[in-house]
Amino acid sequence: MTEVRIDRLWRRFGATTAVADVSFEFTAGQVFGFIGPNGAGKTTTMRILAGLDEPSAGDCTLDGRSTVQDADLVARRIGYMPDDYGTYPHMTVAEYLDFFARAYGLGGDRRDAAVADVVDFCQLGDLREKLVTSLSKGMRQRLGLGRALVHDPDLLILDEPAAGLDPRARVELRQLIRLLARQGKAILVSSHILADLEEICDAVAIIELGRVVATGTVRDIKRSVQARLEDAAREAGEHVVVEVRLARPHAELARVLAEEPEIANVEIHDERVTLTCSADPDARAALLARLIGRGLAVSHFAARDKSLEDVFMHLTEGRVQ
Amino acid sequence: MTTADAPAAVVTRRPGIVRRLLDRANPVLVRYVRQQLRSRAFIVVFSLVLAIATLCALSVAGQVSLGDTGAAPALLGLLSATWTFAVWVFEPVSVFRAVARERDDNTWDLLRLTGLSPGRFLRGIMLASVLQGLLYMAAIAPFFMMAYLLRGIDLVTVALALVLIPVAGWCASAGAIGLACLGYTKGLRTALTALVAVTCGIIWFMSLTMWLNFEHIGFAFVFFGIGEDGVFIALDFAVFWVATCLVLGAALLRHPSANRATGPRVLAFLIPLDVAVVAFASDPLASHELFGVTGIVAGLCAFVLGIFAVAEDFAVTPRQARDTARMRWFQLPVLFAPGGARGRVAFAVLSALAVVFGALSEQDDVLAVTLGLASYAAIVMALGDLVGRRLYRSTVTTPFGRRVATVIVLAVLTFLAVAGMGLGPKSPLGLLSPLPGLWLLGDRGSDYVAIVLVPGVVAWITMIAFGARQTLTRDPHAGAPGGR
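Throughout what follows, the structure given in this document is the object of discussion. (Residues numbered from 1 in each chain as written. Chains lettered and ligands numbered in written order. Predicted model: local features only at pLDDT ≥ 70, side-chain atom pairs only at ≥ 80, totals over all residues. Heavy atoms only, no water.)

**Remarks on the sheet that holds strand β14 (residues 298-303) of chain A**
Residues and elements named next belong to chain A. The following threshold applies: Two strands are counted as paired when DSSP detects at least two bridges linking them. Helix and strand definitions follow DSSP, with helices as H or I runs of at least four residues and strands as E runs of at least two, each counted in order from the N terminus. Here the axes come from fitting lines to C-alpha atoms, over the contacting stretch only for helices, and the angles between their N-to-C directions go from 0 to 180 degrees.
The antiparallel open sheet is built from four strands, whose spatial order is β12-β13-β11-β14. Only two strands of the sheet have a single neighbouring strand rather than two, namely β12 (266-269) and β14. With strand direction ignored, the average angle separating the axes of adjacent strands in the sheet is 20 degrees. In this structure, strand β11 (residues 239-246) lies alongside strand β13 (residues 272-278), joined through seven bridges in antiparallel fashion. The partner of His 239 across the bridge, within β13, is Ser 278.

Structural data, given as structure tokens:
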């Protein structure tokens, strides 16, 4: 099974440290998200992993084989889609894919089959004879994905694949990425659109100023950040937002909630209630007991989950180098 | 995503020979030809060449009667002027832009990932240029034959034009490809585009004098002094010029951490070998003496290779460290400094060959010149080491900056040497720089050779000392934060 490991990676450009001691790993079938502000070191890390750049120290391995020292051997197992790349003028979509298939050393019927497969997979069939330069942004991204897949790589590196895409194209791209993961490819993807990553990623690394500030599954990172935020709110005597769901309607719901001194703000949508109350777990437990005691059939009572965007905003400071 | 799902009939079909040949063709060649055949610029230029050639032929045919000996050279001149614009100006600029655009648009990175070597990429562009040159030739050849049939020019002249014009164009294209690899930044590549366009334009414009007076000048200039051998020497030179441009260009495009010196090293040995063969086989050069010519060429190659080795990277990269660790024999060359270790061994062998050939020569000044070349090459390399590893290491951090710094130091030395020679044409100050120095050595070798040899030997010792020190303290990750 394909295993990708980034091990204590450093990359310096003169006095600037673009990547500082970055480590993470993921395996086949996983979509690993790489999140960070502009200039955080995402693209540099991805380029090193793809064998296009050389680290100042550290290593990246694909199944134990270094992509730095054995770049020539590993390159063909990697598909890389950069965030910004040009296309060739006066070439059709089919010719473009055929060219890269040739460059990867695929010959004859194997090449035809590979091109047909990616055209089919990326739904480019109707555009085969269109000039590459006439494609829309979304179609060009699909073509870029097709190019990265034409040699059937084990590891796929996608740098900002959803940048500039409309909502429909983003949804379709997400579906393609999930499908590829199900086919057993290891996928590293970076994006500014955190909602997209949250939906498709099994694990993420958040990077700022070249350093990884958090890594793990999306759920673990969110839990950890949420616990930290709640602790901080409790110590500061602040409130948290709690989501409450009722098993059945209650005629006096608004009055019951208004009479509770612990509750600061309330929003009621039928059986769903969002309220703000003390961050102290004991105070919340007491509130829950009182609400049940006054006849509310509470089926769910929990602090609201943080989104990946909230987590990202909490963990990073927006500093750039 | 695999061929496993492909229909069985497709998999088992035997491809035809044309298909198999096309499969093996250079992918860049296939792509570039496809692109160019659709490119508006190519279609316009090709159509213009064809239209102008037709107009010239029709107007000459309409005005002259058979046996008018002045019309044929005039027609040949006009046709050549038209044709040379396409292959001496348009083609070189096109291939330059093709290579430069690949790097400007970051598509070169995508190609690198496919495992396509820089050499194969450049050969693909070059072959496409050759194919297009042949396309122009096919279009213009019937008009050349018409000029021949008008009488007044011989078949040799027509054949020479049909061979030399495209060959010169391919040389120009190869030079443009080499230059396109030189630009590290987009701005520099833009400036180089202008340089290529202007230079090719000026050469074409100057050639118009010959084409428009073809009746009087013809190809006679080719034969002045060198006879028929000159054509073969010119073709031989063209082959090595194209090879040199492509090999050096590919070395520049190769990843900085990869071994970039193999091609240049092989070429540096092939050039003196070729010169020896040509000198042996060719009457005019044979009269000059085989050993002397070969020795000096070997020395020049060692000199160029030495500069190239200096221009390589100065620190051991992880890939080079791996090579060093895997191959025991590689440890010894590292003594001359790690960056371009094997290139430097080749340089040492070539220097030795130059001196041996110089010693075998019957003329004393040849030995002085070859000794001087070996010394100057060692001095330039040691100077490069000083600049790259010592003086500017902390202030000039990029390889490109170090190369510029080395060239500046050499330029200053050359200026001092030339200024010194202003004091007197044979002033020893001229020895400060290789060019006037070699002239002085050729002129009065016995007086000056010792002056050049001493710093040459010191340079060798310096290089070995640097190399030994770096070898003993070698740590490829030293200096990197968090390095192992």
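Once the structure has been displayed, the description carries forward.
**Overview of helix α3 (residues 27-38) of chain B**
Here is the rule we go by: In this scheme, a helix's expected span is set at 1.5 Å multiplied by one less than its residue total. Burial classes follow relative accessibility: with a 1.4 Å probe on protein chains only, a residue under 20% of its type's maximum area counts as buried, one over 50% as exposed, and anything between as partly exposed. Contact definition: two residues touch when any of their heavy atoms are within 4.5 Å.
Its twelve residues place the ends of α3 of chain B 17 Å apart at the C-alpha level, agreeing with the 16 Å of an ideal helix rising 1.5 Å per residue. Burial in α3 of chain B covers these residues: Pro 27, Val 28, Leu 29, Val 30, Arg 31, Tyr 32, Gln 35 and Gln 36 of chain B. Contacts from the buried residues of α3 of chain B go to α3 (93-103) of chain A together with α4 (40-63), α5 (71-104), α6 (107-113) and α7 (118-149) of chain B.

**Here's the deal with the packing of aromatic side chains**
Residue and element names in this part refer to chain B. The condition that has to hold: Side-chain rings of Phe, Tyr and Trp (the six-membered ring for Trp) are treated as a pair once their centres are within 6.5 Å; stacked means planes under 30 degrees apart, edge-to-face means over 60, and tilted covers the remaining angles.
According to the stated counting rule, one finds 18 aromatic pairs over all chains in the structure shown. Measuring from centroid to centroid gives 5.5 Å for Phe 46 and Tyr 136, while their planes differ by 45 degrees, and the two rings are tilted. Taken together, the residues span a long stretch of sequence, with Phe 46 in helix α4 and Tyr 136 in helix α7 at a distance of 90 residues. Arranged with centres 6.1 Å apart and planes meeting at 50 degrees, the rings of Trp 88 and Trp 211 form a pair that is tilted. In this pair, Trp 88 is assigned in helix α5 and Trp 211 in helix α9 (residues 186-212), connecting sequence segments 123 residues apart.

**Points about the pairing of strand β8 (residues 186-190) of chain A**
Residues and elements named next belong to chain A. Note the cut-off: The handedness of a crossover follows from its direction of travel: if, with the strands pointing away from the viewer, the path from the first strand over the helix to the second runs clockwise, the crossover is right-handed.
With respect to burial, β8 is a largely interior element, five of its five residues being buried. The side-chain alternation of β8 yields two buried faces, one formed by Ala 186, Leu 188 and Ser 190 and the other by Ile 187 and Val 189. For strand β3 (residues 31-35) and β8, the ladder comprises four bridges, and the chain directions are parallel. Residue Gly 33 lies in a different strand from β8, and its bridge partner there is Val 189. Two strands pair when backbone bridges link them, and strand β7 (residues 155-159) and β8 are joined in this way by five bridges, in the parallel orientation. Within β8, the residue paired with Leu 158 across the bridge is Val 189. The parallel pair β7 and β8, bridged by helix α6 (residues 167-182), forms a crossover whose chirality is right-handed.

**Considering empty space enclosed by the protein**
Residue and element names in this part refer to chain A. For clarity, the cut-off: The rule is simple: put a 1 Å grid over the protein atoms alone, call a set of points where a 1.4 Å probe fits but cannot get out a cavity, call an open set with protein on both sides within 12 Å along at least five of seven lines a pocket, and count a residue as lining if it has an atom within 4 Å of a point. Grid points are joined across faces, edges and corners, and a volume is the space filled by probe spheres set on the points.
Following the criterion strictly, the structure yields five cavities of 30 Å³ or more and no others. What the second largest cavity holds in volume is close to 70 Å³. Forming the boundary of the second largest cavity are Pro 161, Ala 162, Arg 170, Leu 173, Arg 174, Ile 177, Val 189, Ser 191, Asp 196, Leu 197 and Ile 200. Elements supplying a minimum of two residues to the lining of the second largest cavity: α6 and α7 (194-200). A per-element tally of the lining of the second largest cavity places α6 first, with four residues.

**So, the nonpolar core**
Quick note on the threshold: Remark: nonpolar core denotes a set of buried residues (Ala, Val, Leu, Ile, Met, Phe, Trp, Tyr, Cys) joined through side-chain atoms within 4.5 Å.
Judged by nonpolar contacts, the single largest core of 156 residues is most densely connected at Leu 145 of chain A together with Phe 121 of chain B. If you tally residues by element for this core, the top one is α5 of chain B, at 17 residues. The contact partners of Leu 145 of chain A, leaving out residues within four places of it in the chain, are Met 81, Cys 122, Leu 156, Leu 158, Leu 173, Leu 176 and Leu 180 of chain A.

**Here we look at the packing of α5 of chain B against α9 of chain B**
Residue and element names in this part refer to chain B. Put simply, the rule reads: Angular relationships are summarised with four words: roughly parallel below 35 degrees, roughly antiparallel beyond 145, roughly perpendicular across 65 to 115, and oblique for the angles in between. In this count, Pro and Cys sit with the nonpolar residues alongside Ala, Val, Leu, Ile, Met, Phe, Trp and Tyr, while Asp, Glu, Lys and Arg are called charged and the others, Gly among them, polar.
One way to put it is that α5 packs onto α9 with a least axis distance of 9 Å and a crossing angle of 170 degrees. The orientation of α5 with respect to α9, classified from their angle, is roughly antiparallel. Of the residues contributing to the contact of α5 with α9, the split by class is 18 nonpolar, six polar and five charged.

**Quick look at helix α11 (residues 308-315) of chain A**
All names here are of chain A. Quick reminder of the rule: Arc definition: it is the arc formed by the directions from the helix axis to the C-beta atoms.
Among the residues of α11, those classed as buried are Leu 308, Val 311, Phe 312 and Leu 315. Buried positions in α11, seen along its axis, are confined to an arc of 100 degrees and lie on one side of it. Buried positions along α11 lie against β3, α7, β9 (203-208), β10 (211-217) and α8 (218-235).

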